[in-house]
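# Descriptive structure summary
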Amino acid sequence: MEQAAELRELANSRGVPADMATRARIVLWSGEGRRRKDIAELLGVSLPTVDRWKARYAQRGLAGLEGNRPGRAREQVPVRVRARVIALTRMTPPASTGLSHWSTRELAKHLKRTENVTVSWHYIARIWREENLKPHRNGTFKISKDPAFADKVADVVGLYLAPPGGAVVLSIDEKTQIQALDRTQPVLPVTFAATEKRTHDYVRHGTTNLFAALNVGTGEVIGECKPSRNGKNFLAF
C-alpha cells in the first residue's frame, strides 16, 4: 500500500518531469493488474518500454525510475549532503519556517533556500526509508519530579526479579473522568445514517471517589465510596 501511494503521488505531482510520471504510471497500472498492451496504448509507449520500467522498478524501487541522462554518467549526490539531510531530519524545523515537522518537499526547499543544495524530495524520502526516520510521527513521554523516583523504580523491579514467597500482589490503577452527570435531554440512539447524539449541557450531581477492587481468583468486586482520595482512605480501603 505504501509503494502504491508513493507511485500515485509521483504520477500526479506537478513538479515531476513528464517522463518520470509516465514511468510511475506504468508500474502503478501494472500493479493494478492492467494488461501491458493496454498500458502501452494509454501512455503512447512501446511494449518493451513497459517491460523495461517494470523491471527497473522491481530491481531498484523509485530510484530505478529516475533513469540516466544520455552522454554522461549519472551525477551522484555527495555523502556530506546525505549526512546533512539526516541531521536536519532529526532537528526541529527552525521557527522561521513555521513548521512543526519536516516533510520531504519542505526539507528539499529549505536546503535549496538556505544552503543552496539541490536534491529531490524523492531522494530525501529514500534516505528516510533507508534510515528508518519518521519525522511525521510523534509520541509522548513523562519525567517524574519525585526525587525518590529512582529508588522506587528499583524497589518495583526488585519485586519482579525476586518476588517474596507467599506475597499478596495488588495491581493498582485509577480511572479518571467518572462523574455523576445527567444530560438535560434523553440520549438519541443510533439509527441508520445517524450517530448517537446527546446534548452538550448537563446537570452535575456532585462528585465522589469510588474505591473498587477485583479479586481475579473469585471474580468478586469490592467497592466503597469515600469523600476524598488520599493515602489514608486508600490504605483504609
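Please refer to the structure placed before this passage.
Report follows, based on the coordinates.

Reading the values: rules and limits
- Residues numbered from 1 in each chain as written.
- Predicted model: local features only at pLDDT ≥ 70, side-chain atom pairs only at ≥ 80, totals over all residues.
- Heavy atoms only, no water.
- Salt bridge = Lys/Arg side-chain N within 4 Å of Asp/Glu carboxyl O.
- Helix = DSSP H or I, 4+ residues; strand = E, 2+ residues; numbered from the N terminus.
- Buried < 20%, exposed > 50% of the residue type's maximum accessible area, 1.4 Å probe, protein only.
- Patch = residues over 30% accessible without salt bridge, like charges linked within 9 Å, V, L, I, M, F, W, Y side chains within 5 Å.
- Areas by Shrake-Rupley, 256 points an atom, 1.4 Å probe, with all protein chains shown as cover.
- Axes fitted to C-alpha atoms, helices over the stretch in contact; angles between N-to-C directions.
- Left-handed = near helix turned anticlockwise from the far one by under 90°.
- Contact = heavy atoms within 4.5 Å.

One pass over the full model with this rule turns up 11 salt bridges. With a shortest N-O distance of 3.5 Å, Asp19 and Arg23 are connected by a salt bridge. Of this pair, Asp19 and Arg23 both sit in helix 2 (residues 18-31), four residues apart, roughly one helical turn. Judged by relative accessible area, Asp19 falls into the partly exposed class, the value being 42%. The exposure class assigned to Arg23 is buried, which follows from its relative accessible area of 13%. The partner of Glu224 in a salt bridge is Lys226, and the shortest N-O contact between them spans 3.0 Å.

Glancing now at a nonpolar patch on the surface. A surface patch of nonpolar side chains, amounting to about 610 Å² of accessible area, comprises Val168, Leu170, Ile172, Phe234 and Leu235. Along the chain, Leu170 falls in the loop between helix 8 (149-161) and strand 1 (181-183).

What follows deals with the packing of helix 6 (residues 104-115) against helix 7 (residues 121-131). One way to put it is that helix 6 packs onto helix 7 with a least axis distance of 8 Å and a crossing angle of 115 degrees. Once helix 6 is placed against helix 7, the crossing between them reads as right-handed. From helix 6, Thr104, Arg105, Leu107 and Ala108 reach across to helix 7, where they touch Trp121, Ile124, Ala125 and Trp128.

Everything listed is a geometric property; what it means functionally is a separate question.
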